[in-house]
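As a plain string of letters, each chain reads:
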Amino acid sequence: MENKNKIFALVDCNSFYASCERIFRPDLRDKPIAILSNNDGCIVAMTKEAKELGVTRGEPYFKIPADTRKKLTVFSSNYSMYGDISHRVMDILAEFSPESEIYSIDESFLDLTGMNIDLTEYGKEIRKKVKWSTGIPVSVGIGKTKTLAKLANHIAKKREKFNGVVDLSSDENIDKYLAMVKVSSIWGVGRKLSAKLERKNIITAKDLKYTSDGWIQRNLGGVTGMRTVWELRGISCIPLDTIPALNKGIVSSRSFGKSVETLSGLKEAVSSYISIGAKKLRKQKTAASALTVYIKTNRFKDEPQYNNSITYKTPYPTSSTIELTEYALNLLERIYKDGYKYKKAGIMLDGIVPNTAIQYSLFTPDKFNADVDIALDTVNKKWGRNALFTASSGINRKWSMRREFVSPRYTTNWNEILKIRI
Ligand SMILES: [Mg+2]
């Protein structure tokens, strides 16, 4: 598992949802923006200007004081637009590396191993190209491990003097940077763990890097803790393409060993990714408000190329395997085209909210699906993971939702395309 000569970049979009809205509202550059959850309940994302006004993630909209609201521009979450723009950003990022891993709706790891180039310059080029082609600002962190690339990205975002690119891969003085980052901001270190570390006076990433293996093994739960510490030391333990869970968004995808040429083959793959993703949602007691399905052919083969993705906003947040499978298979049918050799398929769950924050409506999942999920989790725990298939049954149910502040679907609906007066 040890591999000392790797180089990874993590590219992360800055305030992604708000940046998407700004593409079509250039007048809101440098202005405070907040994005609201389904039914306009809570703040799910915001710009740094909004943060400075005291707006916080998860805060109910109605609780924001009136004078703050006056200064704030709010949007209902427009997941189909965010999904579409995410897909464009990811496509551009894929051009910069032979291997990439879409990590969440707005983050991608790139493998830059063995490239004999100035990596900081390369990072700047990535930023420029993404900004120019999509309008989205990104930050780039580079390191010898994924954990260090994440950490570099964190610094690039927090400190303006780096202009959005931090390369720790060749820096002799890397400890100086590790000392800038609190343990709670390290990839894979949760709130509970960071509290434990802080009690032991391990405050920064640098402190953790130099903590003894013995102590880590005894206190941080074996392999996972060790892996993080080794990664901080520059030893790559987490390869590209693993399937991580985050509360920000869940991605499940895989490159096929052999290309897949049939709809039924892709359905099988997508169904199994959904069962993995839905199970993760339930495990962390959350539900998703949007679902993206994507398929692509192999860019590096001289074959006909096709590459598409589609995002669906669910009528209510759900973690039901049955419901999500049904949506996903329908989405897949919409973008699938015959005659191509598919190399990769994936799903992305977004707009993830804690179960406790779900505002139940008329369309709350019925008890049957909840019972099925409990049975699924119990059976799967006992007998191992298996894929579930449901019959497809139309997702064009136009359930209306309250979305007062929604921006037009500029990029996915011709009737709402941006008009420019010349
Ligand atoms: Mg981001």
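Residues numbered from 1 in each chain as written. Predicted model: local features only at pLDDT ≥ 70, side-chain atom pairs only at ≥ 80, totals over all residues. Heavy atoms only, no water.

Visitor: Account for the pattern of salt bridges, naming residues and giving values.
Guide: Following the criterion strictly, the structure yields 13 salt bridges and no others. Taking the shortest distance from any N to any O, the salt bridge between D27 and R25 comes out at 3.0 Å. Here E121 ties to K124 by a salt bridge, and the two come within 3.2 Å at their closest N and O atoms. Of the two residues, E121 and K124 both sit in helix α5 (residues 119-134), three residues apart, roughly one turn of that helix. The exposure class assigned to K124 is partly exposed, which follows from its relative accessible area of 42%. Several salt bridges converge on common partners, so that one network encompasses R22, K48 and E49. (Salt bridge = Lys/Arg side-chain N within 4 Å of Asp/Glu carboxyl O. Helix = DSSP H or I, 4+ residues; strand = E, 2+ residues; numbered from the N terminus. Buried < 20%, exposed > 50% of the residue type's maximum accessible area, 1.4 Å probe, protein only.)

Visitor: Break down the packing of helix α4 (residues 79-94) against α5 for me, with residues and values.
Guide: Contact pair α4 / α5: the axes reach a minimum separation of 10 Å and the direction vectors enclose 145°. Relative to α5, α4 is oriented so that their crossing is right-handed. Of the residues in α5, those in contact with R88, V89, I92 and L93 of α4 are I126, K129, V130, S133 and T134. (Axes fitted to C-alpha atoms, helices over the stretch in contact; angles between N-to-C directions. Left-handed = near helix turned anticlockwise from the far one by under 90°. Contact = heavy atoms within 4.5 Å.)

Visitor: Describe the side chain of S37, naming the residues involved and giving the relevant values.
Guide: Among the secondary structure elements, S37 is positioned in the loop between β2 (33-36) and β3 (43-46). For S37, a relative accessible area of 10% gives the class buried. Reaching out from S37, the side chain makes a polar contact with the backbone nitrogen of G41 at a distance of 3.4 Å. Beyond its immediate chain neighbours, meaning those up to four positions away, S37 contacts C42, V44 and S77. (Polar contact = N/O pair within 3.5 Å; in protein donor to acceptor, adjacent residues only side chain to side chain.)

Visitor: Talk me through helix α1 (residues 16-24); I want residue IDs and the actual numbers.
Guide: With eight of its nine residues buried, α1 lies for the most part within the structure. Listing the buried residues of α1 in full gives F16, Y17, A18, S19, C20, E21, R22 and F24.

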